[in-house]
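Okay, here's what each chain looks like letter by letter:
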Amino acid sequence: MRRAVFITGTDTEIGKTVVSAAIIHTLQEKNISCGVMKPIQCGGDDIQILKEVSQINEPPSLINPYSFSKPFSPHLASKLEKRKIDLEKIYRSYLTLKEKYQVLVVEGAGGLLVPISKDLFMVDLIKRLNIGIIIVVGLRVGAINHSLLTIEIAKKYGLEIIGLIFNQNQQEISPISKEDSPLIISKLSQTKILGMIPYLEVLEKKGNQELTKREFFKEITKKINLKYILEDKLPAKRNKILKDRDRSLVWHPFTQMKDYQELEPLIIEEGKGCFLKDIEGNWYLDGISSLWVNLHGHQKREIDEALISQVNKISHSTLLGLGNVPSVELAGKLLEITPQGLSKFFYSDNGSTAVEIALKIAFQYWQHKKEVKKNKFLTFYNAYHGDTIGSVSVGGIDLFYKTFAPLLFSSFRVKAPYCYRCHLNLTYPDCQISCLQELEDLLVKHHQEISALILEPIVQGAAGMIIQPEGFLKRVRELTKKYQVLMIADEVATGFGRTGKMFACQWERVVPDIMCLAKSITAGYLPLAVTITTEEVYHAFLGEYEEKKTFFHGHTYTGNPLACACGLANLEIFEKEKILIKLENKIKFLNQELKYFLNLEHVGEVRQKGFMVGIELVKNKELKIPYHFEEKIGLKVTQAIRKKRVILRPLGETIVLMPPLSISKDELKFLLEVTYDGIKEVE
Ligand SMILES: Cc1ncc(COP(=O)(O)O)c(C=O)c1O
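Computed from a prediction, not measured in an experiment: that's the story for all the values here.

A.B. asks: Is there a simple way to think about the packing of helix α7 (residues 143-156) against helix α8 (residues 175-189) in this case?
C.D. replies: Two quantities define a packed helix pair, namely the angle between the axes and the distance from one axis to the other. Between α7 and α8, the shortest axis-to-axis distance is 10 Å and the interhelical angle comes to 25°. Viewed along their axes, α7 and α8 adopt a mutual orientation that is roughly parallel. Judged by the twist between their axes, the crossing of α7 over α8 is right-handed. Residues Ala143, Ile144, Ser147, Leu148 and Ile151 of α7 lie in contact with α8, whose contacting residues are Ser181, Ile184, Ile185, Leu188 and Ser189. Across the contact of α7 with α8, the residue classes tally to seven nonpolar, three polar and no charged.

A.B. asks: Where do I start with the pairing of strand β2 (residues 34-37) in this structure?
C.D. replies: Sheet faces and side chains relate simply in a regular strand, where the side chains alternate between the two faces. Residues of β2 alternate between two faces, with Cys34 and Val36 on one and Gly35 and Met37 on the opposite face, all of them buried. Relative to strand β5 (residues 103-107), β2 runs parallel, the two being bridged by four bridges. By the bridge assignment, Gly35 is partnered in β5 with Leu104.

A.B. asks: It is not clear to me how the nonpolar core should be interpreted in this structure. Could you clarify?
C.D. replies: A general trend in soluble globular proteins is that nonpolar side chains are found buried together. Formed by 114 residues in total, the largest nonpolar core has its most connected members in Ala354, Ala358, Ala452, Ile488, Leu517 and Val530. Here this core gathers at least three residues from each of two domains, domain 2 (322-575) and domain 3 (580-682). Ignoring sequence-local partners within four residues, the contact set of Val530 consists of Leu334, Phe345, Phe346, Tyr347, Ala354, Leu517 and Ile521. Counting 63 residues, the second-largest nonpolar core is a separate cluster that includes Ile23, Ile24, Val105 and Met122.

A.B. asks: Explain the site of the ligand to me, please; I cannot follow it from the model alone.
C.D. replies: Around the ligand, the surrounding shell holds 14 residues, and the nearest of these are Asn350, Gly351, Ser352, Val492 and Ala493. The biggest single contributor to the shell around the ligand is helix α17 (residues 351-368), with three residues. The class makeup of the residues in the shell around the ligand is six nonpolar, six polar and two charged.

Cut-offs used in this document
Residues numbered from 1 in each chain as written. Predicted model: local features only at pLDDT ≥ 70, side-chain atom pairs only at ≥ 80, totals over all residues. Axes fitted to C-alpha atoms, helices over the stretch in contact; angles between N-to-C directions. Helix = DSSP H or I, 4+ residues; strand = E, 2+ residues; numbered from the N terminus. Parallel < 35°, antiparallel > 145°, perpendicular 65-115°, else oblique. Left-handed = near helix turned anticlockwise from the far one by under 90°. Contact = placed C-beta atoms within 7 Å. Nonpolar A, V, L, I, M, F, W, Y, C, P; charged D, E, K, R; others polar. Buried ≥ 20, exposed ≤ 12 C-beta atoms within 10 Å, placed from the backbone. Pairing = 2+ DSSP bridges. Core = buried A, V, L, I, M, F, W, Y, C linked by C-beta atoms within 7 Å. Domains from an automatic or database assignment. Near = placed C-beta within 6 Å.

What follows is the structure, given as structure tokens:
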């Protein structure tokens, strides 16, 4: 049996209370226990009427968590009474009532886009409660337009529309229109009609108090079809099919499928803010921003709207020889925020392709410059630049690299700084970053063969959030200039505020020759990447058609307009909401709280740069002895954390925290507490 219905309307004063009362009455006639809730009331006496009809005796804090005296929109009524509406409080009351009754009828206030606060609408409350809606349509002039608009909004927000109930709340309406309107609304919107309530003169004359009289409903209740309200949607059956098929059909990346098949799959159905909801309705904090991409939370209204608005124009057209509006506009915006000197934007779809493109551009650049021997790359141990053959060739993580070694092109490699386990046994800053000497030695010897050096600036992400000592990046840049090697900054993970500045290169005022961006460029909405370079590099590719200097590279979905529209909305949010300024306090808070982790017996090092955090677990703290791969320590800890409703994904023995930038302090606290407890539990 369905457990709850939300009664909304195409407008205020449309008959929601009549319909709610009628549903309650009808259910009770069938001996179905029925609770009622009016989460927000602004003026009026709806809640008294519903209480009397249902004859339930629950405290006001449950059935009506927010009652305001003025008959205004909730945002204004609550502002005047200086009481903020908290969706979580409503949600808790809702859960309590839902447990008590077979069916809970929840009556909204006004329609779906009635504002609850400056950034929430009634539709957000419905989403939080996760209930199907019945739309009450006032059968009067304008009904078609009002109901189709309401239905469109409901669909846009992904609400389940159980059906429509038409309420003739005006006596004067032409018989043809009375018959035609419901049919055309239902047909155009593909929505079921659940009932028709005729004009009730007595309400007009005596008011809503009549609703509390039982005999009043005799006529109405026959006109409401309860079948769909009581319909059992069998979620358990659907969920079982989804889980079985996930195990049997979907091959998950970076996942040992033998283990996966033995676990209960966690399948995500929805996200809101920093939380993800699984198909069973459980909410989890998204502690890794859905693999380091989400910035402003899931279902961020401005990005949702930008995406939908772009869908209504065009979803894709090629960039091969054509332009499209969002890709041009996004390039313009990126030009304003990326390090000065980077001014040519080559789009693709993901971090690996952004890197492939950077490598090919660097290689071809030197070919055009007639320096044909400069055909190799210089990279760092522990580097990660993606999973395609080219990007793995410049990667430095053995686990991902070794198997494919015969397929890869050879690159020069030098040790990257890893101060916790310094290979020179030195300590920063006394070391004066001596590890750079190895890099310089190699450049002295081989710079004539090297087209470009590639690195993850400031933080080597996939290696375990290993942070470079201050000054390292700047000196690398000086060396690349000195030895005429292009520098590729792979900001796929570090870009878009992750380190506390828009781009990690900005910490040391470094302008690379080529920069790769992906992941958070769309704030976690759609795949998009861009490889950015300088006028100097770009100009080497210009020539007569027959010279064949063209950059022969391009992906089908390059510069996809939907993704670029999300990218633009993302950057607008950065500006409008002053994201980087707001982040500063959260970074400080994170920094303070992370210190406690060092009290744990197996936490070797806690590394943090902005919102990129790595907690390295060690078997023996004194001796810095690592855990064995087979011990699966990272996986065990994150599984324990998952049970506490936080999603994390480790990098080997390092527990990674990388929440959306929009996370609140309370949510951050929860993330830290759960992580701490999870590590302690497994230790
Ligand atoms: C620094 C860096 N470069 C490249 C990539 C590859 O990006 P994608 O997974 O989008 O191909 C990643 C992914 O984590 C990364 O961290």
